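Each chain is listed here by its residues.
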Amino acid sequence: MGSQLENVVENLSKRLEIVEQKLGLTDGKLASAEQAETEMPGSGSQTSEAIVGFDNYIVKAIDPFVSTSVEIGENVALLGKTVKETVEEVRNFLVKASCISKPGKEDLNLLLTPISEKMLTLQGLDQRLEYKNHVKAVCEGAPSFIWVNPEIKTPVAHVEAFKDASVFWVNKIRRDFKQKPDGALHMKWCEQLIEAFQGLYDFVKA
């Protein structure tokens, strides 16, 4: 068990190095944990500047999806809200990742637990909400958000696989709502969900 944990920690350290490089943290200067928690985009800090790319992804791909979810109605609005919260936890991970040079077991749990909890919340919505195919379309693709987990050896392929899995349910929604009065709105929702996962794939692959 000890050697397995060491491997996980080592993999996370490598993954964080990749994240730091992706986000522009290449000069070896790490912000403090307090800075990571309190500094926001636009503050001029190194960390906040580094995550501009992910913030742009949220604005361009996630926020429109959330807006359309709200327009469809209360049940789908909750689905969109939970997706947004999940992505925000990924963003928190990226900020905190820049503060840890070699995480231990506690660091690992603290970094990944909030994302995992949101994933469980999404899965639980399948039993509560109407528009079951909408929930399934999101839940099939949502595991792509845990690409930061060090146990995932090929994050790009991981995101792509779950992105593609979502399309099966998206196509069901398109067939079901194509001829309905509010069909155009649901078609828009489907396109934006695909864009949400595609945008994440593009970010991870870059």
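Details of the structure are given in the entry above.
Source: prediction; values computed, not measured.

A. Examining the nonpolar core more closely. The biggest cluster of nonpolar side chains holds 48 residues, and the ones touching the most others in it are Phe-54, Tyr-57, Phe-145, Trp-147 and Trp-189. Those elements giving two or more residues to this core turn out to be helix H4 (52-72), helix H5 (74-97), helix H6 (105-124), helix H7 (132-141), helix H8 (155-177) and helix H9 (183-205). Considering each element in turn, this core owes the most residues, ten residues, to H9. Once residues lying within four places of it in the same chain are set aside, the contact partners of Tyr-57 are Ile-62, Val-87, Phe-145, Ala-196, Gly-199 and Leu-200.

B. Broad picture of the packing of H7 against H9. At a closest axis distance of 11 Å, the pairing of H7 and H9 adopts a crossing angle of 5°. When the axes of H7 and H9 are compared, the pair comes out roughly parallel. Across the interface between the two elements, His-134, Ala-137, Val-138 and Gly-141 of H7 pack against His-186, Trp-189, Leu-193 and Phe-197 of H9. Split by residue class, the contact of H7 with H9 holds five nonpolar, three polar and no charged.

C. Structural context of the side chain of His-134. Along the chain, the position of His-134 falls in helix H7. Overall, the relative accessible area of 1% leaves His-134 in the buried class. At 2.9 Å, the side chain of His-134 forms a polar contact with the side chain of His-186.

Reading the values: rules and limits
Residues numbered from 1 in each chain as written. Predicted model: local features only at pLDDT ≥ 70, side-chain atom pairs only at ≥ 80, totals over all residues. Heavy atoms only, no water. Core = buried A, V, L, I, M, F, W, Y, C linked by side-chain atoms within 4.5 Å. Buried < 20%, exposed > 50% of the residue type's maximum accessible area, 1.4 Å probe, protein only. Helix = DSSP H or I, 4+ residues; strand = E, 2+ residues; numbered from the N terminus. Contact = heavy atoms within 4.5 Å. Axes fitted to C-alpha atoms, helices over the stretch in contact; angles between N-to-C directions. Parallel < 35°, antiparallel > 145°, perpendicular 65-115°, else oblique. Nonpolar A, V, L, I, M, F, W, Y, C, P; charged D, E, K, R; others polar. Polar contact = N/O pair within 3.5 Å; in protein donor to acceptor, adjacent residues only side chain to side chain.

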